[in-house]
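Working through the structure, step by step
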Amino acid sequence: GHSSPELFNEVVVVTISRLHEFNSQALANMVWAYASIDHFSFELFNKIEKVALSRLHEFNSREIINMVWAYAKVGYSSPELFDKFAKLALPRLHEFSSRDIANTVWAHAAIDHSAPELFNKIAEVALHRLHEFNSQSISNTLWAYSASNCVSNIEFSSHPRVLHLVVSLFNMFNEEELCQLHQWNLWGREVLGENLLPMDLSEHCLTVFSSVETLPSKLHHDVVCKLHEIGVPLREKVPLKTGYSIDILLNYHGKNIAVEVNGPSRYIGQSQKQSGTTRLKHRQIGNLENFKIVSLPFWEWDNITSNDGEIVSQKQTEYLKQLLT
């Protein structure tokens, strides 16, 4: 992510020994800087989390926003910190810019942290300030509400003024933002039974979303090889009508099963909790494609170990049969 990882690791050691000298701004700036260059140090974020929780009263709105964004960006889930910051943010939302609003809801949705009271209040505030939102802010916000699936999402995300803003900005959305809009459009089909965008814009978003390619991982390759070995008919990277693709679609004992081979990137940081992006995909496929999705977590496959290769192969076979049953 950057050219001096060794330097940043050395800074972590020095910083941790002197955190008692940091004010709230310095704490927020530190995690923001590391998250901005995708340099994650569990020890640093863990220590700053503990310090921040003991000094919550010191944080202003800007520092709260930078903290939650940084922790979500690196995939560090801190339910207590997010809950406390949400309470602090509620009476201060008038101080938030449209970008601040977008970053706040995105952060909560990215790590799948439920904050219904905050989302409800932000929806109320955002509706009155839509004229401040640019393409990035509105796409991030709509994606977050779609992923979180809050009750307030129904009124906010389908509001005529929101739809008008999206249509008026449509030519300004980049590829990533169009993909977010596609998932928001799918949310409309999930909850309201219809697309939110006009047909031509819906089709354009679908085309962009469907064209995003991901390369199969070694884990994916190993699982497919083992399934072939035990004689299971399957297809890989199967495109669906929603624009999503299934890692592996197979038939086992007469049942069609969609298998998602979930590597580390589909989880929050170093945890075993699925990211907001992963959960959104599985939810929308389940609701709109009527597939039963079976998740194969990477750590379960990695835990199948032995010094004897034949024993490993046998355990992998047993694991897959149990997973698919």
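A few points on the structure. Model, not experiment: these values are computed from the prediction.

1. Details of the side chain of Thr-317
- For Thr-317, the position within the fold is in helix H16 (residues 309–324).
- On the accessibility criterion, Thr-317 (15% relative accessible area) is buried.
- Not counting residues within four places of it along the chain, the set of residues in contact with Thr-317 comprises Lys-226 and Ile-230.

2. Concerning the side chain of Asn-140
- Note that Asn-140 resides in helix H8 (residues 135–148).
- Looking at Asn-140, its side chain comes within polar contact range of the side chain of Gln-180, at 2.8 Å.

3. As for the packing of helix H13 (residues 218–229) against H16
- At a closest axis distance of 10 Å, the pairing of H13 and H16 adopts a crossing angle of 85°. Taken as axis vectors, H13 and H16 run roughly perpendicular relative to one another. Side by side, H13 and H16 meet where Val-223, Lys-226, Leu-227 and Glu-229 of the first sit next to Ser-313, Gln-316, Thr-317, Leu-320 and Leu-324 of the second.
- Per-class residue counts for the contact of H13 with H16 are four nonpolar, three polar and two charged.

4. As for the pattern of salt bridges
- Counted according to the given criterion, the structure contains 15 salt bridges.
- Salt-bridge contacts for Lys-73 lead to Asp-38; the nearest nitrogen and oxygen are separated by 2.5 Å. Highlighted residues: Lys-73 in helix H4 (residues 61–73) and Asp-38 in the loop between helix H2 (24–36) and helix H3 (42–54), separated in sequence by 35 residues.
- A relative accessible area of 30% means that Lys-73 is categorised as partly exposed.
- Between Lys-121 and Glu-124 there is a salt bridge whose closest N-O contact spans 3.3 Å. With Lys-121 and Glu-124 both in helix H7 (residues 116–127), this residue pair falls three residues apart, about one helical turn.

5. Things to note about the pairing of strand E3 (residues 255–262)
- Of all eight residues in E3, six are buried, a share of seventy percent or more.
- Pairing geometry for strand E2 (residues 245–252) and E3, over five bridges, is antiparallel. Looking at the pairing, Ile-248 lines up with Val-259 of E3.
- What sits between E2 and E3 in their antiparallel hairpin is a turn of two residues, with His-253 showing a positive phi close to 55°.

6. Points about the environment of Gln-25
- Along the chain, Gln-25 turns up in helix H2.
- When its relative accessible area of 44% is taken as the criterion, Gln-25 is described as partly exposed.
- Expressed as a C-alpha distance, the spacing of Gln-25 and Asn-60, which sit 35 residues apart in the sequence, is 8.4 Å.

Parameters at a glance
- Residues numbered from 1 in each chain as written.
- Predicted model: local features only at pLDDT ≥ 70, side-chain atom pairs only at ≥ 80, totals over all residues.
- Heavy atoms only, no water.
- Helix = DSSP H or I, 4+ residues; strand = E, 2+ residues; numbered from the N terminus.
- Buried < 20%, exposed > 50% of the residue type's maximum accessible area, 1.4 Å probe, protein only.
- Contact = heavy atoms within 4.5 Å.
- Polar contact = N/O pair within 3.5 Å; in protein donor to acceptor, adjacent residues only side chain to side chain.
- Axes fitted to C-alpha atoms, helices over the stretch in contact; angles between N-to-C directions.
- Parallel < 35°, antiparallel > 145°, perpendicular 65-115°, else oblique.
- Nonpolar A, V, L, I, M, F, W, Y, C, P; charged D, E, K, R; others polar.
- Salt bridge = Lys/Arg side-chain N within 4 Å of Asp/Glu carboxyl O.
- Pairing = 2+ DSSP bridges.

Interpretation in functional terms is not warranted from these geometric data alone.
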